[in-house]
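Listed below are the residues making up each chain.
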Amino acid sequence: MFSNRGIYKYSSLFPVTLRHALCGILPQFVLMSLVPAIFAASVPASAWSGSPLANTGVTAPLGYSIVVTSPSGELFRAAGACGAPTLTLGNPSQQWSCVAKFTAAGKPVFSTNIGGAGVDAMVLDASGNVYVAGSAVSGFATTAGVYQPNPRSTPHLFLCKLSGSDGHALFCTYIDVDAGQGGLAVDASGNAYLVGLGCVSLKNCVEQVNWNGTVLVYQTALDSVSATFSGNIAVAVDANGNLYCLCTGLTELSPTGKVIATLPLDGEVTLALGVDPSGRPEALLQDQADRGTYRIRKYSAGLSSTVFDTAFRAGAESFLALAIDSSGVTDVVGGATAINLTEVNPTQACGPPASNVPLAWNAFLVRVSSSGDLLQSTYLPAYLTNPDGPPQTAITATASGATAVFWALNTSVSTMTLAPASATIALGCIGNAASFAPMPLAPNEIVSAFGIGLGPATPVAAQPSAGLYPLQLGGVQITFDGIAAPLLYASNGQVNLITPGALSGKSTTQVCAVVNGAVANCFDMRVQPA
């Protein structure tokens, strides 16, 4: 699970940005700035889409909340105190965290208050048991026979394994690593891996605890290898017990805790990590220099080579999560406040723009094959708003697709089932050409439309005649309530245009892409005066 909470200044390098454009028709003016194209797989794959967002009724309290799902869709939430817990561990008079389980429909199964605990990380094992890690105060209680019944460091750090059936403690022990969010993983045997500060001074450290909490298998301090490493810690373990860690770069450890290899990741923000069925790690990264570009990079076991490095664009202010299914296909879900998502086999247009742009995110899906082909990149039928900051997301691979979860502070948790779709669309999103923000359109505004199969493979810049720009360019038209708009630039994935003055006085408009004389698809957009 990962949520990118940072809000970054956006500096776009996407084609034909018109970054200095103002609302209104400008004189003969087209700015062209091309970057290397991102190509789809040569053989189109089945398009995937999402079901309508389903509100589970499970709330994410105002404060820190973690939500994960099982492959069958059950929800597990770690947050503040339970209102009416089914079980309490430790001293109930001390501050606590609540770990609760719900059915896929949001019906409560159990809720466990852990006295004296603050949960920072949560994962599930193959049997559906819940592992939580964090820091503890007075009132936290360890269980009998664990390897560390008393704290040895400050803050007091802990790991608990709870039964997935009723929430009782299978073990609770103190540990020496501050796992934080993302620094906890479990292997197929139930052994827990924790990564974070601790062990030796303020170095990052890896600690493995066996399945029943009685043995510290190994403890390894990691040397820093990246001068400008930034982002979230993330860990993943393969079937043989080799651990991969985005912590001081990318590090691989053997089942005995020996460092096998390390790679620096300078200039990239680390977001999430997974391991494919062959045991090869995949890192989800964000470019530091161009925050709107993301990469899924797969490495060989041993980190000796890069298997593939697949890029896509989603806007700088995005939050993402990654999962790899049993066939090796990687699914990334998230939300973006930009309109220029890379479009490959899109099945959904972006959602209705909000006037308060920083509080609205369009959900999206990116799918990459086991060999690195960009199979799909599409918006999903979810438009997320929250006044308290960016939503968060998690994704779990299932036998027939994946389940995505979205939540935000003081809101309900919503889920979405990802499955094959029957058709694709051409026009994915449209918005301001200077900011790429999902805001309402205005009359005589320079905007950019994004999609796939819109215009010619070789981009065409419009040449005005008698001071007028053409209404058709490279086989494409963009219409607003049937009125064709003047076009400035057309390519396969992007069309720049000027909205008609006839939008004046309207509150909504239907935008359509007309490709080679046929209407490709339409969607409604809000309209504002200026």
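(A) Representation of the environment of N362 within the structure. With respect to the element layout, N362 can be found in strand β28 (residues 360–368). What makes N362 buried here is its relative accessible area of 0%. With 24 residues separating them along the chain, N362 and A338 place their C-alpha atoms 8.1 Å apart. Once residues lying within four places of it in the same chain are set aside, the contact partners of N362 are G334, G335, A336, C350, G351, Y379, A382, Y383 and P438. At 2.5 Å, the side chain of N362 and the backbone nitrogen of G351 are in polar contact.

(B) Region of interest: the sheet that holds strand β18 (residues 234–237). Read across the open sheet, the four strands follow the order β18-β19-β20-β21; overall the sheet is antiparallel. With partners counted over all chains shown, the strands left at the sheet margins are β18 and β21 (259–263), one partner each. Geometrically, the sheet is characterised by an average inter-axis angle of 15° between neighbouring strands, direction not taken into account. The sheet contact formed by β18 and strand β19 (residues 243–246) spans four bridges and is antiparallel. Looking at β19, one finds that A236 is bridged to Y244.

(C) Highlighting the pairing of strand β20 (residues 250–253). Burial of β20 is two-sided: the residues L250 and E252 facing one way and the residues T251 and L253 facing the other way are all buried. Note that β19 and β20 share four bridges and pair antiparallel. The residue of β20 that forms the bridge with Y244 is E252. Once β19 ends, the chain turns through three residues before running back antiparallel as β20, passing G249 with a positive phi of about 100°. Two strands pair when backbone bridges link them, and β20 and β21 are joined in this way by four bridges, in the antiparallel orientation. Paired with L250 across the strands is L263, a residue of β21. From the end of β20 to the start of β21, which pair antiparallel, there are five residues, and G257 there has a positive phi angle of about 90°.

(D) Structural detail: the state of the cysteines. Scanning the model with the defined rule gives five disulfides in all. Across the disulfide, C245 is cross-linked to C247 (sulfur-sulfur distance 2.0 Å). Taking relative accessible area as the criterion, C245 reaches 0% and is therefore assigned buried.

(E) Spotlight on the sheet that holds strand β9 (residues 130–136). The four strands lie next to each other as β8-β9-β10-β11, forming an open sheet whose pairing is antiparallel. The open sheet terminates on both sides in strands that have one partner only, identified here as β8 (117–124) and β11 (169–175). Recorded for the sheet is a direction-independent mean angle of 20° between the axes of neighbouring strands. Summarising the sheet, strand β10 (residues 156–162) and β11 pair through six bridges and their orientation is antiparallel. Looking at the pairing, L159 lines up with T173 of β11.

(F) Examining the nonpolar core more closely. If you look at the biggest cluster of nonpolar residues, it comprises 30 residues, and the most contacted ones within it are I430, I478, F480, V495, L497 and V511. Secondary-structure elements contributing two or more residues to this core are β33 (427–432), β34 (446–451), β36 (476–480), β38 (487–490), β39 (494–498), β40 (508–515) and β41 (518–526). F308, A336, V366 and F450 belong to the second-largest nonpolar core, a separate cluster that totals 26 residues.

(G) Structural context of the packing of aromatic side chains. For the structure on display, the rule yields six aromatic pairs. An aromatic cluster of three or more residues is present, and its members are F140, F158 and Y174. Here R367 stacks its cationic end above the ring of W48, 4.0 Å away from the centre of that ring.

(H) Layout of the pairing of β40. Burial of β40 is extensive: six of the eight residues sit out of reach of the surface. In this structure, β36 lies alongside β40, joined through five bridges in antiparallel fashion. Opposite Q477, over in β40, you have V514 as the bridge partner. Where β40 lies against β41, eight bridges are found, and the strand directions are antiparallel. In the sheet register, T509 faces β41, and the bridge partner there is M525. Following β40, the chain reverses through two residues before pairing antiparallel with β41; N516 in that reversal takes a positive phi of roughly 50°.

(I) Highlighting the pattern of salt bridges. Evaluation of the coordinates by the stated rule reveals twelve salt bridges. Residues E74 and K101 are paired through a salt bridge, measuring 3.5 Å at the closest nitrogen-oxygen approach. You can see E74 sitting in the loop between β3 (66–69) and β4 (75–79) and its partner K101 sitting in strand β6 (residues 96–102), a full 27 residues away along the chain. Taking the shortest distance from any N to any O, the salt bridge between D309 and R297 comes out at 3.1 Å. Here D309, found in strand β25 (residues 306–313), pairs with R297, found in strand β24 (residues 293–299); they are twelve residues apart in sequence, far enough to count as distant. Look at D309 and you get partly exposed, because its relative accessible area is 36%. Residue class for R297 comes out buried when judged on its relative accessible area of 10%.

What counts and what doesn't
Residues numbered from 1 in each chain as written. Predicted model: local features only at pLDDT ≥ 70, side-chain atom pairs only at ≥ 80, totals over all residues. Heavy atoms only, no water. Helix = DSSP H or I, 4+ residues; strand = E, 2+ residues; numbered from the N terminus. Buried < 20%, exposed > 50% of the residue type's maximum accessible area, 1.4 Å probe, protein only. Contact = heavy atoms within 4.5 Å. Polar contact = N/O pair within 3.5 Å; in protein donor to acceptor, adjacent residues only side chain to side chain. Pairing = 2+ DSSP bridges. Axes fitted to C-alpha atoms, helices over the stretch in contact; angles between N-to-C directions. Disulfide = S-S within 2.5 Å. Core = buried A, V, L, I, M, F, W, Y, C linked by side-chain atoms within 4.5 Å. Phe/Tyr/Trp six-rings, centres within 6.5 Å; stacked < 30°, edge-to-face > 60°. Lys NZ or Arg CZ within 6 Å of the ring centre and 35° of its normal. Salt bridge = Lys/Arg side-chain N within 4 Å of Asp/Glu carboxyl O.

So yeah, pure geometry; function would need other evidence.
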